[in-house]
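Tertiary structure, described
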Amino acid sequence: MKPNVYIGEEKVGRDDPRLEGGMNIIKETFDCAHDPDYEDLCTVTSHITGKKINRFCHIHQSEEDLLKKQKMTRLLCHRVGGCIQRCMGIDSMNALSIITYEMDQALGTDHYKRFIKYLEYFQDRDIVASCAQTDAKGDRLKRPHQQEDPDQYLRVIETREDGIIVRGCKINITNTPYADEFIVVPCRYMGPEDKDYAVAFALPGDWEGVKLLTRPAYSKKSKHMEAPLIHMGDAETFIIFDDVFVPNERVFLNGHGDPRQTPYAGFLALMFAHYHRHTYTGCKPAMSEVLASAAALVAEYNGIEKASHVQDKLSHIIGIAELVFAAGESSAKHSEKSPSGTQIPDEILTNAGRRLAGENIYEEYKILADLSGGLIATLPFEGSFFSEEVGDLAMKYLKRNPRVKPEYIYRCFRGIEGMVVSDLGGLMQVAGVHGGGSPQMETITMMMRYDTERLKDISKYLFGIKSKLKRYERPSVTPRKMLEKFGKAMQRKKKD
Ligand SMILES: Cc1cc2nc3c(=O)[nH]c(=O)nc-3n(C[C@H](O)[C@H](O)[C@H](O)COP(=O)(O)OP(=O)(O)OC[C@H]3O[C@@H](n4cnc5c(N)ncnc54)[C@H](O)[C@@H]3O)c2cc1C
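Residues numbered from 1 in each chain as written. Predicted model: local features only at pLDDT ≥ 70, side-chain atom pairs only at ≥ 80, totals over all residues.

This part is about the overall build of the chain. In terms of regular secondary structure, the chain is built from 16 helices and 14 strands. What you see for the chain is a C-alpha radius of gyration of 24 Å, in line with the 23 Å of a compact globule of 496 residues. With the C-alpha coordinates aligned to their principal axes, the bounding extent of the chain is approximately 85 × 70 × 50 Å. With 496 residues in all, the chain has 48% of them scored as buried. (Helix = DSSP H or I, 4+ residues; strand = E, 2+ residues; numbered from the N terminus. Rg over C-alpha atoms; globule rule 2.2 N^0.38 Å. Buried ≥ 20, exposed ≤ 12 C-beta atoms within 10 Å, placed from the backbone.)

Moving on, we come to the sheet that holds strand 12 (residues 251-254). The strand order 5-8-9-12 describes an open sheet built from four strands, whose pairing is mixed. Of all strands in the sheet, those bounded by a partner on one side alone are strand 5 (129-132) and strand 12. Between one strand and the next, the sheet's axes are offset by a mean angle of 20°, whatever the strand orientation. Sheet analysis places strand 8 (residues 181-184) next to strand 9 (residues 199-204), joined by four bridges and oriented antiparallel. What sits directly across from Val184, in strand 9, is Phe201. Strands strand 5, strand 8, strand 9 and strand 12 of the sheet are contacted by helix 4 (residues 87-107), whose axis makes an angle of about 65° with strand 5. (Pairing = 2+ DSSP bridges. Axes fitted to C-alpha atoms, helices over the stretch in contact; angles between N-to-C directions. Contact = placed C-beta atoms within 7 Å.)

Around the ligand, a shell composed of 21 residues is seen, among which Gln133, Thr134, Thr174, Ala431 and Gln440 lie nearest. For the shell around the ligand, the secondary structure elements donating two or more residues are strand 5, strand 7 (163-174) and helix 13 (423-434). Here the element with the most residues in the shell around the ligand is helix 13; it accounts for four residues. Residues of the shell around the ligand, tallied by class, amount to eight nonpolar, ten polar and three charged. The two domains that each donate at least three residues to the shell around the ligand are domain 1 (5-274) and domain 2 (280-449). (Near = placed C-beta within 6 Å. Nonpolar A, V, L, I, M, F, W, Y, C, P; charged D, E, K, R; others polar. Domains from an automatic or database assignment.)

What follows concerns the pairing of strand 6 (residues 155-159). Direction of pairing for strand 6 relative to strand 7: antiparallel, over a ladder of four bridges. The residue bridging Thr159 from the neighbouring strand is Ile164, located in strand 7.

A few words now on the domain arrangement of the chain. When cut into domains, the chain gives domain 1 (5-274) and domain 2 (280-449). With centres defined by C-alpha atoms, the gap from domain 1 to domain 2 works out at 26 Å. On the side of domain 2, 36 residues touch domain 1, which itself brings 36 residues to the contact. Of all elements in the fold, only helix 3 (63-80), helix 4, strand 10 (210-218), strand 11 (233-247) and helix 6 (264-301) reach the threshold of two or more residues within the side of domain 1 that touches domain 2. By residue number, the principal contributor to the side of domain 1 that touches domain 2 is helix 3, which donates eleven residues.

Another point: the environment of Lys117. Relative to the helices and strands, Lys117 is located in helix 5 (residues 111-124). For Lys117, a count of 13 C-beta atoms within 10 Å translates into the label partly exposed. Along the sequence, Lys117 and Arg250 sit 133 residues apart, while their C-alpha atoms lie 9.6 Å from each other.

This next bit is on the packing of helix 1 (residues 20-31) against helix 3. Here helix 1 crosses helix 3 at 135°, and the two axes come no closer than 10 Å. Put simply, helix 1 runs oblique to helix 3. Regarding helix 1 and helix 3, the two cross each other, and that crossing is right-handed. Contact residues: Ile25, Glu28 and Thr29 in helix 1; Leu76, Arg79 and Val80 in helix 3. Looking at side-chain class alone, the contact of helix 1 with helix 3 contains three nonpolar, one polar and two charged residues. (Parallel < 35°, antiparallel > 145°, perpendicular 65-115°, else oblique. Left-handed = near helix turned anticlockwise from the far one by under 90°.)

And the structure:
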């Protein structure tokens, strides 16, 4: 690929060693698809070609597909000790499959046909994609068209016969320097005056005019000890679009060229977030289990495993992991098929699970830091433990549980240092809060959908304000109903 990655002031190629850690994570998504032990989760039959494909290229067709995606995500995150980084692309593809279909039905556009053609290419080449949703956003209280600088949200500045020209910047985007492509979707609802900002498309990562300002995070290298975690890393990117041409066949939404498409921006934003939060119900339990696993191990090595406070703390993390996973599982069970055929998980359960995970992330890290003691932040560098002069002394003062070799104690503390105290560890903590949308976004989505009037009926009955209480069941809500209502309104508008 053409070099368009900037790390600090350097312009680097994809072979820059600081990007290797992220690539090693993506590698796992290919390796496991070819491993007979994991094939059942990591591969699937394409509904458009009938070919066997990587599940990271699949559009979910059933409840089982959603469940398997969740299980695959959990499995792979265990293997890399954190974020698997390949989900954003396919979460946005699932969202596009629904919205482009709806738009074609209501407006007579041909975006779904374009999308299916792109999907075929995506599946055939086993494409790794990032999803660029988050705009720079400028003044948080202003809508895109109200910003002092009109480029704070990515926008179309020209619609031509053969495509569009876009300008702007998407920030905080995971995996882009080692993705084949990135998929751009809007990050919020767009009103009529925001029509230029209602845009979605896909491009190769090294496309003309695209600049990737990347912050890699990686583990400290080891000279003396081999361990999988040491090879893992991440890269977060500002994707700058310096007046970039996007050919029509890669454009999936364009309110600038056709203002009727503008209202679909909000649905697309919401639908990507929805699929991504459902994916979180697979990755976050894994992340919690990685932390719980390290906490249990360090408690054993510190000789405190049986203490009751340790059991309480471990059970807290395990409990959160199980509840978050159960929320995703249950939202798959309550999922519905959209008119495009794509399966949509339940919205309240998905958001409730994602929010529970986000709210607990620091508590989980706190437990791990608590049970580890201060050594995870003060551990002398590796060389000291292998030095001829001071190595034996360093190992001697690492001893804790007499049944555990000092080398294992060193490995354990070094591993937890990487998880908690490193660049990568810090990133994972913030990712746990904001990835997929800040907790407030989950609250907004839940409360938009939840029927609080029905909820109040319980109290009205109990307090004697209403004489009868209709049988109450939790509301099962997927964005499908909302889409149907919206689609009908658009079709009526078209007839008028
Ligand atoms: C490690 C990591 C990886 C990520 N990967 C991706 C990715 O691959 N793709 C992608 O598109 N995004 C990605 N994100 C971005 C993520 O989705 C955003 O960080 C998240 O949506 C929050 O947006 P923000 O960072 O702009 O924070 P802000 O929106 O600035 O939020 C900061 C605070 O302000 C509050 N706030 C914001 N607006 C308002 C308002 N109008 N009124 C009141 N309060 C408000 C928020 O609730 C929050 O409390 C990633 C983030 C992280 C940390």
